[in-house]
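# Report on the structure
Take a look at the letters that make up each chain.
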Amino acid sequence: MQKVYIEAYTSILSFGLAYDGLSTMEKLYGKSIIIADREMVEEKVDDILIEASESDVAFLVVGDPFGATTHTDLVIRAKKLIVEVKVIHNASVMNAIGACGLQLYRYGETVSIPFFTETWRPYSFYEKIQRNREIGLHTLCLLDIRVKEPSIESLCRGKKCYEPPKFMTINVAIEQLLEVTEAHGASAYDENSRCVGLARLGCEDQIIVSGSMKDLLHFDFGPPLHCLVIVGELHPIEEEMMEFYKVK
Ligand SMILES: C[S@@+](CC[C@H](N)C(=O)[O-])C[C@H]1O[C@@H](n2cnc3c(N)ncnc32)[C@H](O)[C@@H]1O
């Protein structure tokens, strides 16, 4: 393998990409590893693909290679350039979510919840949750990650400076979800709806807590990453698992 990249903005590597984490991986692979940040993946990916057309290049991701649209897009671009792609699958939030006891085959469409801003408050995830709930399915909500966002001030000054990274908490997600139902005057879910909050899945200090949206609204789940499941109809086995994680 001539070059090894690691993508570092659609998820967080549990042992970190600071010097210690990286060097652990570099020792494991016996290669130096290049961090592919958001700018590199979005703007300079063609350079990586050109390298891959001439030599063996590895592109590491956190989770499964098909767990984020960005990576599928990379595969499409490679195939269009007739660059051979070999995929090695991995555990993903999409299957680790099974840890909370809700059956993986009883989930409907997954939704992504973006940070609302003063001027941009997209409610499109609401209809998807509503459809899932109408047929009794659970909804996995993936929460926004903002890294390498150019600050508005810096853009105005024509010099790129970045906002500090931002990871949506379960608390903010619930706040936004409730804002949407209130705005819709709709009832796909409300503050009494059952959900499960999961933080740092797969890490030693992972937290899984089930309760109503109201219960979890102020629960401190600690550092990122967080995700949330809005619970659909429960099978008795799922009900039993939920009891283990009930909010204290
Ligand atoms: C765009 S998805 C990327 C998924 C990744 N490629 C994978 O296959 O696991 C990122 C979102 O998934 C959720 N997520 C990923 N890993 C997680 C974890 N270990 N614990 C909790 N949530 C996680 C978070 O909501 C995060 O913002």
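Residues numbered from 1 in each chain as written. Predicted model: local features only at pLDDT ≥ 70, side-chain atom pairs only at ≥ 80, totals over all residues. Heavy atoms only, no water.

## Points about the site of the ligand
Here is the rule: Any residue with a non-hydrogen atom lying within 4 Å of a molecule or strand is treated as near it. For this analysis, a polar contact is any N or O atom pair within 3.5 Å, provided that within protein one partner can donate a hydrogen and the other can accept it, and provided that sequence-adjacent residues contribute only side-chain to side-chain pairs. Note on areas: Shrake-Rupley, 1.4 Å probe, and residue coverage restricted to the protein chains presented here. Each helix is a run of H or I in the DSSP string that is no shorter than four residues. Each strand is a run of E no shorter than two, and both are numbered from the N terminus. The nonpolar class holds Ala, Val, Leu, Ile, Met, Phe, Trp, Tyr, Cys and Pro. Asp, Glu, Lys and Arg form the charged class, and all remaining residues, Gly among them, are polar.
Of all residues adjacent to the ligand, which total 17 residues, the nearest are Ser92, Val93, Leu143, Leu201 and His226. Residue Leu143 places a main-chain N or O atom 2.5 Å away from an oxygen atom belonging to the ligand. Measuring from an oxygen atom of the ligand, one finds a backbone N or O atom of His226 at 2.7 Å. Isolated, the ligand exposes 570 Å² of accessible area, and the fraction of that covered by the protein chains is 88%. Those elements that place two or more of their residues in the shell around the ligand are strand E5 (139-143) and strand E10 (226-230). Partitioned by chemical class, the residues of the shell around the ligand number nine nonpolar, six polar and two charged.

## Concerning the domain arrangement of the chain
Applied cut-off: Here the bounds of each domain stem from an automatic or database domain assignment. Here, residues are in contact when the closest pair of their heavy atoms is within 4.5 Å. By definition, the buried area sums, over both parts, the 1.4 Å-probe accessible area that each loses when the two are put together. The rule for a salt bridge is simple: a side-chain nitrogen of Lys or Arg has to be within 4 Å of a carboxyl oxygen of Asp or Glu.
According to the domain assignment, the chain contains domain 1 (3-80) and domain 2 (93-244). Residue-level contacts link nine residues of domain 1 with 10 residues of domain 2. Across the interface of domain 1 and domain 2, roughly 790 Å² is buried in total on both sides, 56% from carbon and sulfur atoms. In terms of surface lost to domain 2, no three residues of domain 1 exceed Ile12, Arg38 and Glu39, which account for 55% of the buried area on that side. Scanning the region where domain 1 abuts domain 2 turns up zero salt bridges. On the surface where domain 1 and domain 2 come into contact, there are two residue pairs in polar contact (both at pLDDT 80 or more). Class assignment for the residues of the side of domain 1 that touches domain 2 results in two nonpolar, three polar and four charged.

## A closer look at the packing of aromatic side chains
What counts here: To pair, rings of Phe, Tyr and Trp, with the six-membered ring standing in for Trp, must have centres within 6.5 Å; the planes then decide the type, stacked if under 30 degrees apart, edge-to-face if over 60, and tilted in the middle. Accessibility here uses a 1.4 Å probe with only protein chains present; expressed as a share of the type maximum, an area under 20% marks a residue as buried, one over 50% as exposed, and anything in between as partly exposed.
Throughout the structure, instances matching the rule amount to four aromatic pairs. Geometrically, the ring pair formed by Phe219 and Phe221 is tilted, given 4.7 Å between the ring centres and 55 degrees between the ring planes. Phe219 sits in the partly exposed class, given a relative accessible area of 25%.

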